[in-house]
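Understanding the architecture of this molecule
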Amino acid sequence: MQMYSLTACLRFSISLMLSCFHLTLSSIPVVVGREQNSLKFKNGNECPCINSDWCNPIVDIAKHEIFAFSVKNDRNHWSKYDWTKLTTVVMFGYVSDELMCLAHAVKTRVAYAANTNFDFKDPTSRRQWIEKQLIFMKEHHLDGINFDYESVIAKNDSETRNAYTSLVAQTNKELKKVLPHSQVTVDVAWKQNIDQRFYDYKGLANHSDFLFVMAYDEQSQIFGECVAMPNSGLRKTMDGLTSYLANGIPAHKLVLGLPWYGYIYPCISLDRDKCLIKPVPFRGVPCSDAAGRQFDYAFIWTLSNMHTVWWNSTSSTPYFSYTKPNSSVYYQVQFDNPYSLGMKYKLAEHLKLRGVGMWNVDCLNYDDSAEGKATRAEMFGALPVY
């Protein structure tokens, strides 16, 4: 691993980035309310938006995607997203009519993450679950559903593997009968079959709009020396994407998901840049990134300004090490910034993927400070323009 100190030339021009950041809290209209003649839909649900047109589905199917997961039910965050970039927002862990109205007002799709914690191997359970999702989507005027099933499917467990593919396929079929412009997406690991996830990846791609390739947590299983390593290395990301393309999955069926967070590892020992970490097993492998903790980019950005940041030329990612006052314990931070993310965004464009996305869009500082505005401008500004 070669080390280079990150200089100011690696930072995006803040003034240039701020010019790209259009929607602010003051410019977002009131989006929830009732018109005097509120539009009533066939399912009997009234539109919760102040403009009833915003309850209509988004019918313009984007040729390219910038796919964002939102985990904060917080209007202060939503109002400061760069809506000029986002094509789809997935509400993860919550559903908000207000966010739906806001997103639809700027022609952005809104989906939600489905709860697949049920016996989907049973055909009757699958049918009943799908019926509930259809009702829920119509009630909340949503545009899509996202599958985030990440459990083990053993190589010899064809029953579970086929049942999961059937669940996605049947959901897609029934959903598009009722909501023809709806979107069905599936989250998959950074590489096929990693973490004992022996899924039917080609079948999942065939029966959905696209796969969201989670090119992060790439150290979930560390097979070599138990040391802190990059969360989303460029070479590993390329290797993972190649595994999907080599399986016959078309590039337009893949969206590259990248981390807006990083890991902080306590080091058992630190020798130059090598941080030896505590062995924490995961799915049959004795060492994993579970030895560290995830932290939002907002926190890491603040911490990085107090330390020298180095560049890993092998993974094309930044990192730094530090110790707390009056402590002998060293910590190493492995993360991504606008520069390293930009390199992977360019990889997605080079491979002609459908687009890119992030986990998660709420990892930034959404206060009104100069630092918050600058980091948001840098991170949103690094996203590709399609």
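Here is what the cut-offs are and how they apply
Residues numbered from 1 in each chain as written. Predicted model: local features only at pLDDT ≥ 70, side-chain atom pairs only at ≥ 80, totals over all residues. Heavy atoms only, no water. Helix = DSSP H or I, 4+ residues; strand = E, 2+ residues; numbered from the N terminus. Buried < 20%, exposed > 50% of the residue type's maximum accessible area, 1.4 Å probe, protein only. Contact = heavy atoms within 4.5 Å. Axes fitted to C-alpha atoms, helices over the stretch in contact; angles between N-to-C directions. Parallel < 35°, antiparallel > 145°, perpendicular 65-115°, else oblique. Left-handed = near helix turned anticlockwise from the far one by under 90°. Nonpolar A, V, L, I, M, F, W, Y, C, P; charged D, E, K, R; others polar. pLDDT = per-residue confidence, 0-100. Expected span 1.5 Å × (residues − 1). Pairing = 2+ DSSP bridges. Salt bridge = Lys/Arg side-chain N within 4 Å of Asp/Glu carboxyl O. Disulfide = S-S within 2.5 Å. Right-handed = clockwise from strand over helix to strand, strands pointing away. Phe/Tyr/Trp six-rings, centres within 6.5 Å; stacked < 30°, edge-to-face > 60°.

Turning our eyes to something else, we now look at the overall build of the protein chain. Per the secondary structure count, the protein chain includes 10 helices and 16 strands. Relative to its 386 residues, the protein chain shows a buried fraction of 52%. Long-range contacts, defined here as pairs at least 24 residues apart, represent 70% of the contacts in the protein chain between residues at least 6 apart.

With that out of the way, let us pick up the packing of helix H4 (residues 123-140) against helix H5 (residues 158-178). Contact pair H4 / H5: the axes reach a minimum separation of 10 Å and the direction vectors enclose 40 degrees. Here H4 is positioned oblique relative to H5, judged by the angle of their axes. Judged by the sense of rotation from one axis to the other, the crossing of H4 with H5 is right-handed. Where H4 approaches H5, its residues Arg-126, Trp-129, Ile-130, Leu-134, Met-137 and Lys-138 are matched on the opposing element by Ala-163, Ser-166, Leu-167, Gln-170, Thr-171, Glu-174, Leu-175 and Val-178. Considered class by class, the residues forming the contact of H4 with H5 number eight nonpolar, three polar and three charged.

Mean pLDDT over the protein chain stands at 90; residues scoring 70 or higher make up 88%. Across residues 1-27, confidence stays below pLDDT 50; counting only partners more than four residues off in sequence or on other chains, it has 60 contacts. Note that residues 33-44 has pLDDT below 50 and, in this model, 25 contacts with residues that lie over four places away or in other chains.

Three- or four-residue spacings in an α-helix give side chains the same orientation, since the helix completes a turn every 3.6 residues. The first and last C-alpha atoms of H5 sit 30 Å apart over 21 residues, in line with the 30 Å expected at 1.5 Å per residue. Taken residue by residue, H5 has Thr-160, Arg-161, Ala-163, Tyr-164, Thr-165, Leu-167, Val-168, Ala-169, Thr-171, Asn-172 and Leu-175 as its buried positions. Tucked into the core, H5 has its buried residues touching H4, strand E5 (144-147), strand E6 (183-189) and helix H6 (201-206).

For the rest of this paragraph, the subject is the sheet that holds E5. The parallel closed barrel is built from eight strands, whose spatial order is E2-E3-E4-E5-E6-E7-E8-E16. Sheet twist, expressed as the mean angle between neighbouring strand axes with direction ignored, is 25 degrees. Of the pairings in the sheet, the one linking strand E2 (residues 65-70) to strand E3 (residues 88-91) comprises four bridges and is parallel in character. From the neighbouring strand, Phe-67 faces E3, where its bridge partner is Thr-88. Relative to the sheet, helix H9 (residues 338-350) contacts strand E8 (254-259) and strand E16 (355-359), its axis offset from that of E8 by approximately 175 degrees.

Looking now at unusual backbone geometry. For residues other than glycine, phi is negative in most cases, and the peptide bonds are mostly trans. In this structure, Asn-360 follows Trp-359 across a cis peptide bond, with omega equal to -15 degrees. Residue His-141 is not a glycine yet carries a positive backbone phi of 55 degrees. The residue His-141 is located in the loop between H4 and E5 in this model. Unusually for a residue other than glycine, Gln-196 sits at a positive phi of about 60 degrees. Tracing the chain through its elements places Gln-196 in the loop between E6 and H6.

So, on to the pattern of salt bridges. Enumeration over the complete set of coordinates arrives at 10 salt bridges. Between Arg-75 and Glu-98 there is a salt bridge whose closest N-O contact spans 2.8 Å. Within this pair, whereas Arg-75 is found in helix H2 (residues 75-78), its partner Glu-98 is found in helix H3 (residues 97-105), the two being separated by 23 residues in sequence. Arg-75 sits in the partly exposed class, given a relative accessible area of 30%. Because the salt bridges share partners, they merge into one network encompassing Glu-150, Asp-195 and Arg-197.

Once that is clear, we can look at the state of the cysteines. If you walk through the whole model with that rule in mind, you get four disulfides. Cys-226 shares a disulfide with Cys-287; S-S distance 2.1 Å. The sign of the 85 degrees torsion about the S-S bond sets the Cys-226-Cys-287 disulfide as right-handed. Note that Cys-226 is positioned in the loop between strand E7 (210-214) and helix H7 (234-246) and Cys-287 in the loop between strand E11 (274-276) and strand E12 (293-296), a separation of 61 residues in sequence.

Going residue by residue along E3, you find Thr-88 and Val-90 tucked away on one face and Val-89 and Met-91 tucked away on the opposite face as well. Note: E3 against strand E4 (residues 109-113), four bridges, orientation parallel. Of the residues in E4, the one forming a bridge with Val-90 is Ala-111.

Bringing the pairing of E4 into the picture now. Along any regular strand the residues' side chains alternate between the sheet's two faces. A large share of E4 lies buried, amounting to four of its five residues. Both E4 and E5 contribute to a ladder of three bridges, which runs parallel. Paired with Tyr-112 across the strands is Ile-145, a residue of E5. Between the parallel pair E4 and E5, the chain is carried across by H4, and the sense of this crossover is right-handed.

Attention now goes to the packing of aromatic side chains. On inspection of all chains with the given rule, the structure shows 31 aromatic pairs. With centroids separated by 6.2 Å and ring planes inclined at 40 degrees, the aromatic side chains of Phe-320 and Tyr-322 adopt a geometry described as tilted. With centroids separated by 5.4 Å and ring planes inclined at 20 degrees, the aromatic side chains of Tyr-322 and Tyr-331 adopt a geometry described as stacked. Among the residues examined, Tyr-331 registers a relative accessible area of 17% and is labelled buried. In textbook terms, an aromatic cluster arises when at least three aromatic residues are bridged by ring pairs, as seen for Phe-118, Phe-120, Trp-129, Phe-147, Tyr-149, Tyr-164, Tyr-199, Tyr-201 and Tyr-244.

When two helices pack together, their arrangement is given by the angle between their axes and by how far apart the axes lie. Close contact between H7 and H9 brings their axes to 10 Å; oriented N to C, the two are set at 25 degrees. The angle between H7 and H9 places the two elements in the roughly parallel class. Regarding H7 and H9, the two cross each other, and that crossing is right-handed. Here Leu-234, Thr-237, Met-238 and Leu-241 of H7 come into contact with H9, specifically with Met-343, Lys-344 and Leu-347.

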